[in-house]
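Structural overview for review
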Amino acid sequence: MTAPDPNPKSELLFYLQSAREALLWKLEGLSEYDVRRPLTPTGTNLLGLVKHVAGVELGYLCDTFGRPSGEPQPWLEADAEPNADMWAAAEETREDVVALYRRAWAYSDATLDALALDTVGKVPWWPAGRDEVTLHHAVVRVIADTHRHAGHADILRELLDGAVGMEKGNTSQPSDDKGWWGAYRDRLEQTARQADQAS
């Protein structure tokens, strides 16, 4: 991506879009199993992260400002199971989840384009009396959440096949040599053991 425009809305959108694209890149080239498989004890998985952030955008940047998308969000229903937004059922294809996320971008971007940053909305799931938020705050919250989950995805993808970085061809890593990384990791392990023994 090119450098952000100094206009406040453009700058916010730049950082939001960079996180969106980093997150989707983590799915590229992986099998259906690998994008869905739980890779942590709490079940964190790549496709679930994408589904989750789609819902975050639809909630904070659409519903909160009286601009509902009309997108079905069954994970919000009263009878939905816990964490239903954090994984994709077998009948939900990768294409379905990615398309939902891209539609969420369009709805969110339209809100950002249409409203002033000081516009006040009400977050439907926050307690009454403490549910007001400005668009600026909501966008910053979504940026932070999306970057956080893109970081989760970066670690999951590295565990799967070693791919790292914000985008293809930009790993921001000091070396591509597996031998260098093996020696580096061994050094960190040795340092950790030394520090543990000294404590």
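Criteria and cut-off values
Residues numbered from 1 in each chain as written. Predicted model: local features only at pLDDT ≥ 70, side-chain atom pairs only at ≥ 80, totals over all residues. Heavy atoms only, no water. Core = buried A, V, L, I, M, F, W, Y, C linked by side-chain atoms within 4.5 Å. Buried < 20%, exposed > 50% of the residue type's maximum accessible area, 1.4 Å probe, protein only. Helix = DSSP H or I, 4+ residues; strand = E, 2+ residues; numbered from the N terminus. Contact = heavy atoms within 4.5 Å. Salt bridge = Lys/Arg side-chain N within 4 Å of Asp/Glu carboxyl O. pLDDT = per-residue confidence, 0-100. Phe/Tyr/Trp six-rings, centres within 6.5 Å; stacked < 30°, edge-to-face > 60°. Axes fitted to C-alpha atoms, helices over the stretch in contact; angles between N-to-C directions. Parallel < 35°, antiparallel > 145°, perpendicular 65-115°, else oblique. Left-handed = near helix turned anticlockwise from the far one by under 90°. Lys, Arg positive; Asp, Glu negative; His and termini not counted. Polar contact = N/O pair within 3.5 Å; in protein donor to acceptor, adjacent residues only side chain to side chain.

Some thoughts on the nonpolar core
- Membership of the largest hydrophobic core comes to 27 residues, with the highest contact counts inside it found for Leu23, Leu24, Leu27, Leu46, Leu47, Val50 and Tyr101.
- Listing elements by their share of this core, those giving two or more residues are helix H1 (8-25), helix H3 (46-61), helix H4 (94-114) and helix H5 (135-161).
- Among the elements that line this core, the one with the most residues is H3, at 7 residues.
- Setting aside anything within four residues of it in sequence, one finds leucine 47 in contact with Leu27, Val35, Arg36, Ala88, Arg94 and Val97.
- If you look at the next biggest cluster of nonpolar residues, it comprises 16 residues, including Val56, Leu115, Leu117 and Val133.

Digging into the pattern of salt bridges
- Under the definition given, this model contains 10 salt bridges.
- Lysine 26 serves as the salt-bridge partner of aspartate 154, at 2.5 Å between the closest nitrogen and oxygen. Taken together, the positions of aspartate 154 in helix H5 and lysine 26 in the loop between H1 and helix H2 (32-36) put the pair 128 residues apart, joining distant regions of the chain.
- For lysine 26, a relative accessible area of 2% puts it in the buried group.
- With a closest N to O distance of 3.0 Å, aspartate 34 and arginine 37 form a salt bridge.
- Residue classification places arginine 37 among the partly exposed residues on the basis of a relative accessible area of 26%.
- Taken together, the salt bridges that share partners define one network made up of Arg20, Glu57 and Asp109.

Let's talk about the confidence of the model for the chain
- Counting all residues, the mean pLDDT for the chain is 92, and 96% of those residues have values of 70 or more.
- Confidence scores differ between elements of the chain, with helix H6 (residues 178-198) showing the lowest mean pLDDT of 88 and H3 the highest of 98.

Let's talk about the packing of aromatic side chains
- The tally for this structure, following the rule as stated, stands at 7 aromatic pairs.
- Pairing tryptophan 180 with tyrosine 184 gives two aromatic rings, centres 5.3 Å apart and planes at 10°, and the pair type is stacked. Here the residue tryptophan 180 and the residue tyrosine 184 both occupy positions in helix H6, the gap between them amounting to 4 residues, near one helical turn.
- For tryptophan 180, a relative accessible area of 36% corresponds to the partly exposed category.
- For the pair tryptophan 181 and tyrosine 184, a centre-to-centre distance of 5.3 Å together with 90° between the ring planes defines the contact as edge-to-face. You can see tryptophan 181 and its partner tyrosine 184 sitting in helix H6, 3 residues apart, about one turn around the helix.
- Under the relative-accessibility criterion, tyrosine 184 is labelled partly exposed at 35%.
- Pairwise contacts between aromatic rings join Tyr60, Trp125 and Trp126 into one cluster.

Observations concerning the packing of H3 against H4
- Put simply, H3 and H4 touch, their axes get as near as 9 Å, and they point 25° apart. If you check the angle between H3 and H4, you find them roughly parallel. Considering the relative orientation of H3 and H4, their crossing is left-handed. Judged by residue contacts, Leu47, Val50, Lys51, Val53, Ala54, Glu57, Leu58 and Leu61 of H3 engage Arg94, Val97, Leu100, Tyr101, Ala104, Trp105, Tyr107, Ser108 and Thr111 from H4.

Description of the environment of phenylalanine 65
- Residue placement: phenylalanine 65 occurs in the loop between H3 and H4.
- With relative accessibility at 10%, the residue phenylalanine 65 sits in the buried group.
- Linking phenylalanine 65 and alanine 195, residues 130 residues apart in sequence, is a C-alpha distance of 51 Å.
- Dropping the residues within four chain positions of it, phenylalanine 65 is found in contact with Tyr60, Thr111, Leu115, Thr119, Val120, Gly121, Val133, Thr134, Leu135 and Ala138.

What to know about the side chain of aspartate 85
- Turning to its location among the elements, aspartate 85 is positioned in the loop between H3 and H4.
- Buried charge without a partner: aspartate 85 forms no salt bridge, and the closest opposite charge is lysine 51, 7.4 Å away.
- Side chain to side chain, aspartate 85 and histidine 52 meet in a polar contact 2.7 Å long.
- Here aspartate 85 is in contact with Gly48, Lys51, His52 and Trp75, once residues within four sequence places are set aside.

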